[in-house]
Amino acid sequence: GKILRNGHLQVFDLNNNLAMEETGSVWYDPISGTFNGNIGLLTADGNSILPLPPGTYILNAKIDGFLWKRIPGIWSISAGEHLSTPFVTLVPGDTNDDNELSLLDYTRILYCYSGAKCGYNEREDFNNDGEVDEQDLNLFYSGLAKRQGD
């Protein structure tokens with residue numbers, strides 16, 4: 001089956017005030033190694049479901065267990081418009097969703113990696129292979145160069 005995660009989108013006005021935040025399901029494609037999905041600014045028939053007036057905005061995206069990432073560009077949003085954003089590379093390792101990689105995240109990964117009965121938790125399985133292992137630990141190490149999300 002598909003591996004689903006929570007995807008999040010933040011919309012900021014040009015004064016960096018949060019205009020809205022929305023959550024939706026994204027799915028992992030193991031062939032491309034990417035997550036894809038639609039996060040509900042619009043209903044299926046294209047009608048706005050949120051009180052977001054047409055305007056110019058800045059967008060941030062994340063998936064549970066990853067840092068927030070600013071989507072490049074300034075986005076003009078019109079009523080009923082469907083936006084397609086470019087792919088962005090997210091930094092894995094934020095197991096407690098505080099938007100930084102810290103000793104707490106490292107400890108949670110090591111605890112699951114050590115064989116402890118922590119149960120499967122997708123927040124520590126960054127490569128989506130169904131287990132927390134050395135590959136996930138290496139992805140965390142590579143993310144330490146970034147440390148904090150956008």
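Residues numbered from 1 in each chain as written. Predicted model: local features only at pLDDT ≥ 70, side-chain atom pairs only at ≥ 80, totals over all residues. Heavy atoms only, no water.

Participant: Just checking my understanding: could you explain the pattern of salt bridges for this structure?
Facilitator: Two side chains with opposite charge may pair up if their charged atoms get near one another. On inspection of all chains with the given rule, the structure shows four salt bridges. Across the pair Lys62 and Asp97 runs a salt bridge whose closest N-O atoms are separated by 2.9 Å. Of the two residues, Lys62 sits in strand S4 (residues 55–63) while Asp97 sits in the loop between strand S7 (92–94) and helix H1 (103–113), which places them 35 residues apart along the sequence. Since its relative accessible area comes to 29%, Asp97 is described here as partly exposed. Arg108 serves as the salt-bridge partner of Glu124, at 3.2 Å between the closest nitrogen and oxygen. Here Glu124 is found in the loop between H1 and helix H2 (134–143), whereas its partner Arg108 is found in helix H1, with 16 residues between them in sequence. The exposure class of Glu124 is buried, given its relative accessible area of 1%. By sharing partners, the salt bridges in this structure join Lys62, Asp64, Asp97 and Arg123 into a single network. (Salt bridge = Lys/Arg side-chain N within 4 Å of Asp/Glu carboxyl O. Helix = DSSP H or I, 4+ residues; strand = E, 2+ residues; numbered from the N terminus. Buried < 20%, exposed > 50% of the residue type's maximum accessible area, 1.4 Å probe, protein only.)

Participant: Before we go on, may I ask you to explain the packing of H1 against H2 in this structure?
Facilitator: Running from amino to carboxyl end, H1 crosses H2 at an angle of 170°, the nearest separation of the two axes being 10 Å. Taken together, H1 and H2 sit at an angle that is classed as roughly antiparallel. Counted together, Asp105, Tyr106, Ile109, Leu110 and Tyr113 of H1 and Glu134, Leu137, Phe140 and Tyr141 of H2 form the full contact between these two elements. For the contact of H1 with H2, the per-class residue count stands at seven nonpolar, no polar and two charged. (Axes fitted to C-alpha atoms, helices over the stretch in contact; angles between N-to-C directions. Parallel < 35°, antiparallel > 145°, perpendicular 65-115°, else oblique. Contact = heavy atoms within 4.5 Å. Nonpolar A, V, L, I, M, F, W, Y, C, P; charged D, E, K, R; others polar.)

Participant: Sorry, what's going on with H2 here?
Facilitator: An α-helix turns once every 3.6 residues. As a result, residues three or four positions apart point the same way. Buried residues of H2: Asp136, Leu137, Phe140 and Gly143, and no others. For H2, the buried positions fall inside an angular range of 120° around the axis, keeping them on one side. Against S7 and H1 lie the buried residues of H2. For H2, the capping residue at the N-terminal end is Asp133, with a side-chain oxygen 3.1 Å from the backbone nitrogen of Gln135. (Arc of directions from axis to C-beta. Polar contact = N/O pair within 3.5 Å; in protein donor to acceptor, adjacent residues only side chain to side chain.)

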